[in-house]
Amino acid sequence: MRRGTSHGWAQVSAERKRELIRSIVDGDEAGAAARGPVHAELDLTDRCNVACYFCNQQDTRSKIQIPADQARELIDAMVDGGLRSVRLSGGGDPLHHKEIGAILDHLHERGVVVDNLTTNGVSLTAEIADRLIAHRAREVNISLNAVDGDDYHRMMQVKPVLFDRVLDNVRELVRRRGDHELPVVTVQFLLDRDNAERVLEMADVALSLPCDRLVLSTVQQIANQRVDDAVLLRSEDAGRLRPLFEELYRRDLGGCELEVNLAFRGLGEMVAAARRAAGAAEPLPFPTAPSFRDADGGCFFAWYSTAITGNGNVYPCCQLIKPDGPVLGNVLSEDFAEVWDGDGYRTLRHEMRDVLVEGADRTYDPERFEVLDPVCHEPGLCWLKNIYFRADDTFYAELAAALDAKRGERARVERLRNAARSLTRRLPALAPAVDRARNASRPLRRWLKRRLGLRLTEAG
């Protein structure tokens, strides 16, 4: 089981999980949520102190940050609705917010857990480290991405000397944490064609700190094709990389967990073969409960979580923070409660409920969805939608039972629709009466569509 972050799931009570299931399956007919989000991703600032060439928010980033007073008001409003945890990320770098210390203190005072803080580590001062330790933040994720100053300059596009500063800051965090279990310190490297052959050096750097978890992932293409395809890893790189990964899996990393996320771009099979050749155990950082079914694995973030950027824009999640992503409101010009209960979120809940209830029969149609993206819908395109939750046997057993009951309701209505069609085909004289009944029943059909997702006619 993965230590540290759980995307807030560890903070959710059994009763709140059942409340989520009730909202998902039998939610308000107008798409309102019973309560506010349980978890939030707060990108407090769009300001950053590095300029990573692969940053997926370069086209949405501004130089704005949420002022501390408004950040406190936002946190208070979400706590009143049931907020239990946050991820602090960016946008910019969360530690580059001018008043990050005061915001961390306010989160702690309101009982909100920092489930994950993702940072480049440049501004990870001793004072911030002490707060994270005292507040029992679950995980600090350091985006390092390089093994020396020169490659740090290439990847992060800043002065090489900052590389050593980051290492010193991480070592100081680990030293100050001492024997405390939290926060888990994760160091992440993104691999491209210029640094992938240095994975063993990456392990050396991680062990020198030392960190609790070493994560290797790939640089991915971002919006507007900002990344040169020539630097992206691809399947033909597998041959030269396999011996290095075999050696990596043979190494004794002590208490440092190794997490390799190279499933994209045809490299997953190479990693699996290298692991088997090295005799390494199959990693299970995200186990799956017996009750979990792919048919029930749709996203439920419309009821569970929110993502807010430094300019105040509200998105369904971090995956949809992109130039053409759905902006559901703005907390700098609206109260968060108005956004959470607004048209954007109500539409999102209708669409997510449809996908969950359709289960294995779901199909994506861009004409049908106003908010959902293919990444929200198609299996395998978004790891975030269920990977932190799928080990929860009780939750997925109860969700499966509720969804099956809802699917049964829809099946019964579909049979009635088919029977009505068959009758009018056999007895055309009934068609005018059916048309009149359809027109008279429009308010009822609207209610059924919103409440149960049922469409009794082609027009809904």
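Conventions used here
Residues numbered from 1 in each chain as written. Predicted model: local features only at pLDDT ≥ 70, side-chain atom pairs only at ≥ 80, totals over all residues. Heavy atoms only, no water. Core = buried A, V, L, I, M, F, W, Y, C linked by side-chain atoms within 4.5 Å. Buried < 20%, exposed > 50% of the residue type's maximum accessible area, 1.4 Å probe, protein only. Helix = DSSP H or I, 4+ residues; strand = E, 2+ residues; numbered from the N terminus. Contact = heavy atoms within 4.5 Å. Phe/Tyr/Trp six-rings, centres within 6.5 Å; stacked < 30°, edge-to-face > 60°. Lys NZ or Arg CZ within 6 Å of the ring centre and 35° of its normal. 1 Å grid on protein atoms, 1.4 Å probe; cavity = no way out; pocket = protein on both sides within 12 Å on 5 of 7 lines; lining within 4 Å. Points joined across faces, edges and corners; volume = space filled by probe spheres on them. Nonpolar A, V, L, I, M, F, W, Y, C, P; charged D, E, K, R; others polar. Pairing = 2+ DSSP bridges. Patch = residues over 30% accessible without salt bridge, like charges linked within 9 Å, V, L, I, M, F, W, Y side chains within 5 Å. Areas by Shrake-Rupley, 256 points an atom, 1.4 Å probe, with all protein chains shown as cover. Salt bridge = Lys/Arg side-chain N within 4 Å of Asp/Glu carboxyl O. Lys, Arg positive; Asp, Glu negative; His and termini not counted. Charge placed at Lys NZ, Arg CZ, Asp CG, Glu CD. Axes fitted to C-alpha atoms, helices over the stretch in contact; angles between N-to-C directions. Parallel < 35°, antiparallel > 145°, perpendicular 65-115°, else oblique. Left-handed = near helix turned anticlockwise from the far one by under 90°. Expected span 1.5 Å × (residues − 1). Disulfide = S-S within 2.5 Å.

A. Looking closely at the nonpolar core. The biggest cluster of nonpolar side chains holds 129 residues, and the ones touching the most others in it are L42, Y152, F189, L191, L216, F245 and F300. It is helix α6 (residues 161–177) that contributes the most residues to this core, seven residues altogether. Setting aside chain neighbours within four positions, we find L191 in contact with A196, V199, M202, L216, S217, T218, V219, L233, F245 and L262.

B. Representation of the packing of aromatic side chains. A full pass over the atoms with the stated rule returns 19 aromatic pairs. Aromatic side chains W9 and F395 sit 4.9 Å apart centroid to centroid with 80° between the ring planes, which places their arrangement in the edge-to-face category. Taken together, the residues span a long stretch of sequence, with W9 in the segment before α1 (14–26) and F395 in helix α14 (residues 393–426) at a distance of 386 residues. Summarising the burial analysis for this pair, W9 and F395 share the class buried. An aromatic cluster is present here, built from W9, F292, F300, F301, Y304, F389, F395 and Y396 joined pairwise through their rings. When the ring centre of W340 is taken as origin, the NZ or CZ atom of R349, which lies over that ring, is 4.6 Å away.

C. Structural detail: empty space enclosed by the protein. Throughout the structure, instances matching the rule amount to three cavities of 30 Å³ or more. Taken as a whole, the largest cavity encloses approximately 90 Å³ of empty space. Elements supplying a minimum of two residues to the lining of the largest cavity: α12 (343–358) and α13 (374–377). When grouped by side-chain class, the residues that make up the lining of the largest cavity number twelve nonpolar, one polar and one charged. Considering only enclosed or pocket space, the second largest cavity measures out at about 50 Å³ in volume.

D. Representation of the sheet that holds strand β8 (residues 305–308) within the structure. If you walk across this open sheet you meet the ten strands as β7-β6-β5-β4-β3-β2-β1-β8-β9-β10, and the pairing is mixed. Looking at the sheet topology across the chains shown, the edges are occupied by β7 (257–261) and β10 (329–330). Pairing geometry for strand β9 (residues 313–315) and β10, over two bridges, is antiparallel. Paired with N313 across the two strands is N330, which belongs to β10.

E. Geometry of a negative patch on the surface. On the surface, E73, E334, D335 and E338 cluster together into a negatively charged patch. Inspection of the secondary structure assignment puts D335 in the loop between β10 and α11 (336–340).

F. The arrangement of the pattern of salt bridges in detail. Considering all chains together, one arrives at 41 salt bridges under this definition. Across the salt bridge formed by R250 and E246, the nearest N and O atoms sit 3.5 Å from each other. Remark: E246 and R250 occur in helix α8 (residues 238–250); sequence separation between them is four residues, near one turn of the helix. You can call E246 buried: its relative accessible area is 15%. Between R293 and D296 there is a salt bridge, with the nearest N and O atoms lying 2.7 Å from each other. Given a relative accessible area of 32%, R293 falls into the partly exposed group. Residue classification places D296 among the buried positions, given a relative accessible area of 0%. When salt bridges that share partners are traced, they join R3, E139, R213, E257 and E259 into one network.

G. Expanded view of the packing of helix α4 (residues 126–134) against α6. Two numbers describe how α4 lies on α6: the axes approach to 9 Å, and their chain directions differ by 40°. The angle between the axes of α4 and α6 places the two elements in the oblique class. Handedness of the α4/α6 crossing: right-handed. Two secondary-structure elements touch here, α4 through A126, A129, D130 and I133 and α6 through L173, R176 and R177. In terms of residue class, the contact of α4 with α6 is built from four nonpolar, no polar and three charged.

H. Focus on the packing of α8 against helix α9 (residues 268–278). Axis separation between α8 and α9 bottoms out at 8 Å; the angle between their running directions is 40°. When the axes of α8 and α9 are compared, the pair comes out oblique. Crossing angle aside, the handedness with which α8 passes α9 is right-handed. Seen from α8, the contacting residues are A238, L241, R242, F245, E246, Y249 and R250; seen from α9, they are M270, V271, A273, A274, R275, A277 and A278.

I. Main features of α12. Over its 16 residues, α12 runs 23 Å from end to end, which matches the ideal 22 Å to within 8%, given 1.5 Å per residue. When you tally the buried positions in α12, you get twelve out of 16 residues, the bulk of the element. Listed as buried for α12 are Y345, R346, T347, L348, R349, E351, M352, R353, D354, V355, L356 and V357.

J. Region of the structure containing the state of the cysteines. Considering all chains together, one arrives at zero disulfides under this definition. The closest cysteine sulfur to the non-disulfide-bonded C52 is located on C55, 6.2 Å from its own sulfur. For C52, a relative accessible area of 17% puts it in the buried group. Residue classification places C55 among the buried residues on the basis of a relative accessible area of 15%.

K. Representation of unusual backbone geometry in the model. Across the junction of L182 and P183, the peptide omega takes the value 0°, indicating a cis bond. Here the bond from L209 into P210 is cis, since omega is -15°, no more than 30 degrees from zero. Take P210: it is sitting in the loop between α7 (199–208) and β6 (213–218). Although it is not a glycine, H7 adopts a positive phi angle of roughly 55°. Here H7 lies in the segment before α1. Positive phi, close to 55°, is recorded for Q157, a residue that is not glycine.

This is a description of form; function is not addressed.
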